[in-house]
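# Coordinate inspection notes
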There are 2 protein chains.
Amino acid sequence: MPNQTSSLDLMFQALADPARRSMVERLSRGPASVSELARPLAMSLPAVMQHLAMLEAGGIVSSAKVGRVRTCQIRPEALSLAEQWINQRRTQWERRLDRLGDFLADTADEEDLK
Amino acid sequence: MPNQTSSLDLMFQALADPARRSMVERLSRGPASVSELARPLAMSLPAVMQHLAMLEAGGIVSSAKVGRVRTCQIRPEALSLAEQWINQRRTQWERRLDRLGDFLADTADEEDLK
DNA sequence: CAAACACTTAAGCAATCACTTGACTATCCA
DNA sequence: TGGATAGTCAAGTGATTGCTTAAGTGTTTG
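Residues numbered from 1 in each chain as written. Chains lettered and ligands numbered in written order. Predicted model: local features only at pLDDT ≥ 70, side-chain atom pairs only at ≥ 80, totals over all residues. Heavy atoms only, no water.

### A look at the protein's contact with DNA strand C
Spelled out, the test is: The near set for a molecule or strand comprises every residue that places at least one heavy atom within 4 Å of it. Each polar contact in these results corresponds to two N or O atoms within 3.5 Å; when the atoms are within protein, one needs to be able to donate a hydrogen and the other to accept it, and residues that are neighboring in sequence are counted only if both atoms are side-chain atoms. A run of H or I in DSSP becomes a helix once it reaches four residues, and a run of E becomes a strand once it reaches two; helices and strands are each numbered from the N terminus.
Taken together, 22 residues surround DNA strand C, and among them A:Ser35, A:Arg70, B:Arg20, B:Ser44 and B:Gln50 come closest. In DNA strand C, atoms within 4 Å of the protein come from the sugar-phosphate backbone in 65% of cases. Within the contact set of DNA strand C, a phosphate oxygen lies 2.8 Å away from a side-chain nitrogen or oxygen of B:Arg20. Elements supplying a minimum of two residues to the surface near DNA strand C: helix 3 (34–38), helix 4 (45–57) and strand 3 (69–74) of chain A together with helix 4 (45–57) of chain B. If one sorts the elements of the surface near DNA strand C by residue count, helix 4 of chain B sits on top with 5 residues.

Here's what the structure looks like:
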């Protein structure tokens with residue numbers, strides 16, 4: 001059964017692998033070529049290319065080729081999209097806990113009046 | 001070759017599926033049973049159980065069974081871990097852009113002196 | 001021009017994912 | 001007690017991942 005993949009799917013999927021996160025960490029310090037990204041990773045170049053493709057599919061990285069060198073960059077808008085999704089869930093949950101706390105406090109006050 | 005999976009792997013992996021994100025969205029409004037989580041999803045209960053297992057493996061959700069009902073909850077600490085990782089990469093990139101901007105501005109100033 | 005460089009493509013393989021159906025096991029309620 | 005309810009286990013299937021090796025394609029550089 002085919003997964004209908006949204007942009008958040010591809011984004012989180014892209015971040016779910018340590019090799020890809022290490023590439024993102026490297027890129028967060030500035031642009032890099034494919035072989036620079038590959039250097040610290042214990043795998044073949046084609047493997048790195050495949051990871052790069054997933055990062056691009058997730059919108060997290062963009063790249064362009066000049067001569068024989070492909071240079072890669074982070075796309076921070078994409079990262080902030082993922083960040084926002086998580087943040088919204090977390091704060092929604094925390095607001096709920098606050099309301100629950102208020103409710104319990106009110107109930108306690110009413111108890112005090114007795 | 002076995003993937004040595006870290007907690008961030010499992011976390012992002014857990015968030016990379018629309019069914020699982022919909023479960024998290026539901027849970028961010030408060031605790032729910034397994035069948036409540038399943039109701040809006042067009043899939044069998046066992047499928048939902050498998051998604052739940054991945055959410056628990058990622059530390060995003062915890063659950064406990066009382067009588068015949070299993071009640072699930074969000075674990076916001078886990079969510080904030082993922083949020084922090086993303087936030088660190090994004091801000092590191094943005095700081096770099098700022099420094100680059102300063103450098104270019106300084107260079108322009110020196111040009112002005114000529 | 002020829003060799004080195006920086007990728008790129010293709011094919012293949014084992015492991016994991018996202019489901020399914022078909023049992024089965026405990027509650028809970030009348 | 002006996003049937004509905006809520007969940008669980010197991011096995012199987014097709015698609016996707018995460019790699020590999022082998023064989024290219026363009027770009028510099030001596």
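Alright, that's what it looks like, and here's the rest.
### Here we look at the pattern of salt bridges
We count it as follows: Salt bridges are counted wherever a side-chain nitrogen of Lys or Arg sits within 4 Å of a carboxyl oxygen of Asp or Glu. For each residue, the accessible area found with a 1.4 Å probe, counting protein chains only, is set against the maximum for its type, and the residue is called buried under 20%, exposed over 50%, and partly exposed in between.
Taken as a whole and judged by the stated rule, the model has 10 salt bridges over all chains. Taking the shortest distance from any N to any O, the salt bridge between A:Arg26 and A:Glu36 comes out at 3.2 Å. Of this pair, A:Arg26 sits in helix 2 (residues 18–27) while A:Glu36 is found in helix 3, placing the two residues 10 residues apart along the sequence. Ionic pairing is found between B:Glu77 and B:Arg75, a salt bridge with its closest N-O pair at 3.0 Å. The class of B:Arg75 is partly exposed, set by a relative accessible area of 32%. Overlapping salt bridges, with partners in common, bring together A:Glu83, B:Arg90 and B:Glu94 in one network.

### Examining the nonpolar core
Quick reminder of the rule: Nonpolar cores are built from buried Ala, Val, Leu, Ile, Met, Phe, Trp, Tyr and Cys residues. Side-chain atoms within 4.5 Å join them into one set. When checking whether two residues touch, look at their non-hydrogen atoms; a contact exists if any pair is within 4.5 Å.
Judged by nonpolar contacts, the single largest core of 56 residues is most densely connected at A:Phe12, A:Ile60, A:Ile86, B:Phe12, B:Ile60 and B:Ile86. Excluding residues that lie within four positions of it along the chain, A:Ile86 makes contacts with A:Phe12, B:Leu15, B:Leu79, B:Ala82, B:Glu83 and B:Ile86.

### Details of the interface of chain B and chain A
The line we're drawing: Buried area adds together the accessible area that both of two parts lose upon being put together, with accessible area traced by a 1.4 Å probe. Gly counts as polar in this scheme, as do all residues outside two lists: the nonpolar Ala, Val, Leu, Ile, Met, Phe, Trp, Tyr, Cys and Pro, and the charged Asp, Glu, Lys and Arg.
Listed by partner, the interface residues are 33 residues for chain B and 33 residues for chain A. A buried area of about 3,100 Å², summed over both sides, lies between chain B and chain A, and 64% of it is on carbon and sulfur atoms. Remark: the boundary between chain B and chain A carries 4 salt bridges. The closest approach of N and O atoms between B:Glu83 and A:Arg90, which form a salt bridge, is 2.0 Å. Between the two partners, chain B and chain A, sit 10 residue pairs in polar contact (both at pLDDT 80 or more). Those elements that place two or more of their residues in the side of chain B that touches chain A are helix 1 (7–15), helix 2 (18–27), strand 3 (69–74) and helix 5 (76–113) of chain B. Of all the elements, helix 5 of chain B adds the most residues to the side of chain B that touches chain A, at 14 residues. Residue composition of the side of chain B that touches chain A, by class: 15 nonpolar, 8 polar and 10 charged.

### What to know about the relation of the copies chain B and chain A
To go from the first copy of the chain to the second, apply a rotation about an axis and then a shift along the same axis. Threshold: Only residues with pLDDT of at least 70 in both copies count here: their C-alpha atoms drive the least-squares fit that superposes the copies.
Turning chain B through 180 degrees and shifting it by 0.0 Å along the axis lays it on chain A, with an RMSD of 0.0 Å. What the rotation and shift describe, once combined, is the action of a two-fold rotation axis. Residue by residue, 100% of the interface of chain B is reproduced at the interface of chain A, so both copies engage with the same surface.

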